[in-house]
Amino acid sequence: MVVLAKPAALEQISLLRTPEPWETFSGVPAVDLSGPDAAGDVVRACEQFGFFSVVNHGVPAGVVDRLEAEAVRFFASSQAVKDASAPAGADPFGYGSKRIGRNGDMGWLEYLLLAIDRDALSEKASRAATSTALRDAINEYVVAMRGLARTVLEMVADGLGVSPRGALADMVTGDASDQVFRLNHYPPCPLLQGLPPSCSVTGFGEHTDPQLVSILHSNGIAGLQVALHDGRWVSVPPNRDAFFVNVGDSLQVLTNGRLKSVRHRVVAGSGLKSRVSMIYFGGPPLAQRIAPLPQLLAGLPLYREFTWGEYKKAAYRSRLGDNRLAPFEEPPVAAGHHHRS
Ligand SMILES: C=C1C[C@]23C[C@@]1(O)CC[C@H]2[C@@]12CC[C@H](O)[C@@](C)(C(=O)O1)[C@H]2[C@@H]3C(=O)O
Ligand SMILES: O=C(O)CCC(=O)C(=O)O
Ligand SMILES: [Fe+2]
């Protein structure tokens, strides 16, 4: 067996075996939001992949370009300036580098993680976003993402026959909803050159997002991979003009597993350009009860009820790659054993 010595800078960052995924996957559904059966298309994509891109989304290119330019400017500022935005106290919001969460996950990236209060940065998050231009660009972008999350979740409700059609969307866009926003910067990894071609460096380790939906945008640099339902990892071709929607764990539970959250990860690149991504995470209010919607219950519920606050607390104690839904699964009922009511 050949044991490779890892460069010191990568010591705590996992290497991945990635022979196939570099073939970019052409099967990611692209949903035209202005199309005649957009709701049906959204539901089919969520069922098949838990992941899809949206085109004809109505978000002006300027809103994205402005934020991308400000994000690049922020990550190019001095380490001292960025470190001044590091989290202070119990909440995880602010600037971070390599360390993801608090439980030992590491990746080849730096990021700015921010809380959103209604339709703008929370007061604390405002301090972490260092310039007025960055704050304004994030606030403008978040308004657009809330609108897009609303549209997608209304389409999910329409496509699944859930009424009222705002039932899911309201959870994410109501006054007390728990929204998070993240800017990720993945510099090229020079250390990749010393590794065999079948090896990649983890940018952001594999995981599912805990919320209902996440909406991701990235510049034209590759790196995002998603797991298909058969477990195969595929690379998502980057598309600057599209947004990518992820089904999160909470939507999986609300639909009793009909829509499945997608496992995804980012691998570091070796080229010259950095990958910059921005992700809006649409979560419900902390007190929101999450359980399979009665209208979608054909058989038994697969999950027990919990509040988003309860799930979030458990999630933030877990490692990135953990199956966070497992403790909330109802045990399968053995054939022939029926509960008396
Ligand atoms: C390791 C972790 C990072 C994370 C909190 C967690 O303990 C497990 C879930 C992670 C995740 C994934 C999606 C989002 O990027 C995120 C902000 C979230 O809500 O859950 C991150 C958390 C984080 O970076 O703090
Ligand atoms: O940066 C990306 O492209 C994806 C990151 C991600 O999945 C996350 O922040 O939850
Ligand atoms: Fe994610």
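As the structure is a prediction and not an experimental result, all values here were calculated from the model. (Residues numbered from 1 in each chain as written. Chains lettered and ligands numbered in written order. Predicted model: local features only at pLDDT ≥ 70, side-chain atom pairs only at ≥ 80, totals over all residues. Heavy atoms only, no water.)

Draft legend 1. Layout of the site of ligand 1. Ligand 1 sits among 17 residues. The nearest are Arg182, Gln211, Ala315, Tyr316 and Ser318. Within the side chain of Arg182, one N or O atom sits 2.8 Å away from an oxygen atom of ligand 1. A distance of 2.8 Å is found between an oxygen atom of ligand 1 and a side-chain nitrogen or oxygen belonging to Tyr316. A total of 470 Å² of accessible area belongs to ligand 1 in isolation, and the protein chains cover 99% of it. Looking at the shell around ligand 1, the elements that each hand over two or more residues are β5 (105–117) and β8 (199–207). Of the residues in the shell around ligand 1, the class split is 8 nonpolar, 5 polar and 4 charged. (Near = heavy atom within 4 Å. Polar contact = N/O pair within 3.5 Å; in protein donor to acceptor, adjacent residues only side chain to side chain. Areas by Shrake-Rupley, 256 points an atom, 1.4 Å probe, with all protein chains shown as cover. Helix = DSSP H or I, 4+ residues; strand = E, 2+ residues; numbered from the N terminus. Nonpolar A, V, L, I, M, F, W, Y, C, P; charged D, E, K, R; others polar.)

Draft legend 2. Expanded view of the sheet that holds β8. The sheet built from 5 strands is open, its strands ordered β1-β8-β13-β10-β11 with antiparallel pairing. With one partner strand each, in any of the chains shown, β1 (15–17) and β11 (233–235) form the two edges of the open sheet. Averaged over all neighbouring strand pairs, the angle between strand axes comes to 45°, with direction disregarded. Examined bridge by bridge, strand β10 (residues 224–227) and β11 share 3 bridges and lie antiparallel to one another. Bridge pairing links Ala227 to Trp233 in β11. (Pairing = 2+ DSSP bridges. Axes fitted to C-alpha atoms, helices over the stretch in contact; angles between N-to-C directions.)

Draft legend 3. View of helix α1 (residues 38–48). Among all positions in α1, only Ala38, Ala39, Gly40, Val42, Val43, Ala45 and Cys46 are buried. Close packing links the buried residues of α1 with β2 (30–32), β3 (51–55), α5 (132–160) and β12 (243–247). Just beyond α1, the residue with positive phi is Gly50, at close to 70°. (Buried < 20%, exposed > 50% of the residue type's maximum accessible area, 1.4 Å probe, protein only. Contact = heavy atoms within 4.5 Å.)

Draft legend 4. Up close: the site of ligand 2. Taken together, the neighbourhood of ligand 2 is formed by 13 residues, with Asn184, Tyr186, His264, Arg275 and Ser277 sitting nearest. Note that an oxygen atom of ligand 2 is positioned 2.9 Å from one of the side-chain N or O atoms of Asn184. For ligand 2, an oxygen atom lies 3.0 Å from a polar atom in the side chain of His264. For ligand 2, whose accessible area on its own is 300 Å², the fraction buried by protein is 98%. With respect to the pocket detection grid, ligand 2 is positioned in the largest pocket. Of all the secondary-structure elements, those providing two or more residues to the shell around ligand 2 are β7 (178–186), β8, β13 (264–267) and β14 (275–283). The element best represented in the shell around ligand 2 is β14, accounting for 4 residues. Taken together, the residues of the shell around ligand 2 break down into 6 nonpolar, 4 polar and 3 charged. (1 Å grid on protein atoms, 1.4 Å probe; cavity = no way out; pocket = protein on both sides within 12 Å on 5 of 7 lines; lining within 4 Å. Sits in = over half its atoms within 2 Å of the grid points.)

Draft legend 5. Geometry of the packing of aromatic side chains. A full pass over the atoms with the stated rule returns 10 aromatic pairs. With a centroid separation of 6.0 Å and an interplanar angle of 65°, the aromatic rings of Phe25 and Phe49 are classed as edge-to-face. One end of the pair, Phe25, is in the loop between β1 and β2; the other, Phe49, is in the loop between α1 and β3, with 24 residues separating them in the sequence. A residue is classified by how much of its surface remains accessible, and Phe25, at 18% relative accessible area, is buried. On the basis of an interplanar angle of 50° and a centroid distance of 6.4 Å, the ring pair of Tyr141 and Phe243 is categorised as tilted. Residue Tyr141 is located in helix α5, and its partner Phe243 is located in strand β12; the two are separated by 102 residues in the primary sequence. The burial state of Tyr141 is the same as that of Phe243; both residues are buried. Taken together, the ring pairs in this structure connect Phe306, Trp308, Tyr311 and Phe328 into an aromatic cluster. For the cation-ring pair, Lys312 lies above Tyr316, with the distance from its terminal atom to the ring centre recorded as 5.8 Å. (Phe/Tyr/Trp six-rings, centres within 6.5 Å; stacked < 30°, edge-to-face > 60°. Lys NZ or Arg CZ within 6 Å of the ring centre and 35° of its normal.)

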